[in-house]
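An overview of the molecular structure
Here are the chains, one letter per residue:
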Amino acid sequence: MRRPQVVKRNGGTAGTGRAGALGVLRVRPLPGDATRGTLIAGGSVIPCALGRSGITSRKREGDGASPRGVFRLRGGFYRPDRFPVRPVSPLPLRATRRDDGWCDAPQDRRYNRPIRLPSTAASAERLWRDDGLYDLVIDLDYNRGPIRPGRGSAIFLHIARSGYRPTEGCVALKPADLLRLLRRLGPGTRMMIGR
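Residues numbered from 1 in each chain as written. Predicted model: local features only at pLDDT ≥ 70, side-chain atom pairs only at ≥ 80, totals over all residues. Heavy atoms only, no water.

A few points about the UniProt feature "active site" (unreviewed entry) in the chain
This is how it is decided: UniProt positions are given in the numbering used here, feature names are shortened, and annotations may be inferred rather than shown by experiment. Helix numbers and strand numbers start at the N terminus; a helix is a DSSP run of H or I with at least 4 residues, a strand a run of E with at least 2. Any two residues whose heavy atoms approach within 4.5 Å at even a single point are treated as in contact.
Those places that UniProt annotates as "active site" (unreviewed entry) correspond, in this numbering, to His158 and Cys170. Topologically, His158 is positioned in strand E12 (residues 156-159). The residues contacting His158, other than those within four sequence positions of it, are Leu133, Tyr134, Leu136, Val137, Thr167, Cys170, Val171, Ala172, Leu173 and Leu178. Along the polypeptide, Cys170 turns up in the loop between E12 and strand E13 (171-173). When near neighbours in sequence (up to four residues on either side) are disregarded, Cys170 contacts Ala49, Leu50, Gly51, Ser66, Ala154, Ile155, Phe156 and His158.

Encoded structure:
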């Protein structure tokens, strides 16, 4: 019987099985520009966009900051009209539907959870977007267990705007970089932001 593989702190093999999966992704801001950074994945250094307010340890809803910490990758979504074939990844991915949303209303009991639109929530993000940012999305395990109202919602790894313009608190990559990276991510992969 094959033994489970151990997560290596240097970004080597992750989880309890997938050979070649990355253990750690490190996200660091660029000196002199807190809204742009690099994502280090094994031996690759990939440009990325960060939140418009940089990185913070005191994340709040609407502050525009990317949260500092270590987060697992919960799985994600892809838009089937833009990706007719499911992107290759060991992570669970499902096709986005036109009525998919994400509750960002702190007072709602569904805060920081996926919901169906239209919704009675005071505020929600639409996952089926015209701008392409959420054509491919990985849900970071930020503020998910337990969920704390007002501490931030919908923190994702997603597609970057042109020129790596800032996000609302997520980490964003060029589509080609995100697709390549997805092949190397597994359930044991962790993203370290600002550490």
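Moving on from the coordinates now.
Notes on the side chain of Arg79
Put simply, the test is: Pairing of N or O atoms within 3.5 Å defines a polar contact, subject to two protein rules: one partner must be a possible hydrogen donor and the other a possible acceptor, and residues neighboring in sequence count only if both atoms are side-chain atoms.
Tracing the backbone shows Arg79 in the loop between strand E6 (69-78) and strand E7 (93-95). Within polar-contact distance, the side chain of Arg79 engages the side chain of Asp81 at 2.7 Å. Polar side-chain contacts of Arg79 include one of 2.5 Å to the backbone oxygen of Arg129.

A few points about the pairing of strand E14 (residues 190-193)
We count it as follows: Strand pairing requires that DSSP identify at least two bridges connecting the strands.
Looking at chain direction, strand E1 (residues 24-30) and E14 are connected through four bridges and run parallel. Bridged to Val24 within E14 is Arg190. Here four bridges tie E6 to E14, and the two strands are oriented antiparallel to one another. For Val70, the partnering residue across the bridge sits in E14 and is Met192.

Quick look at the nonpolar core
In plain terms, the rule: Each nonpolar core is a collection of buried residues, namely Ala, Val, Leu, Ile, Met, Phe, Trp, Tyr and Cys, held together in the definition by side-chain atoms within 4.5 Å. Each residue's exposure class comes from its accessible area (1.4 Å probe, protein chains only) as a fraction of the maximum for that residue type: buried when under 20%, exposed when over 50%, partly exposed otherwise.
Membership of the largest hydrophobic core comes to 30 residues, with the highest contact counts inside it found for Leu25, Leu39, Leu157, Val171, Leu181 and Met191. In contact with Leu181, not counting residues within four places along its chain, are Leu22, Leu25, Leu39, Ala41, Leu157 and Leu173. Phe77, Tyr134, Val137 and Cys170 belong to the second largest nonpolar core, which has nine residues in total.

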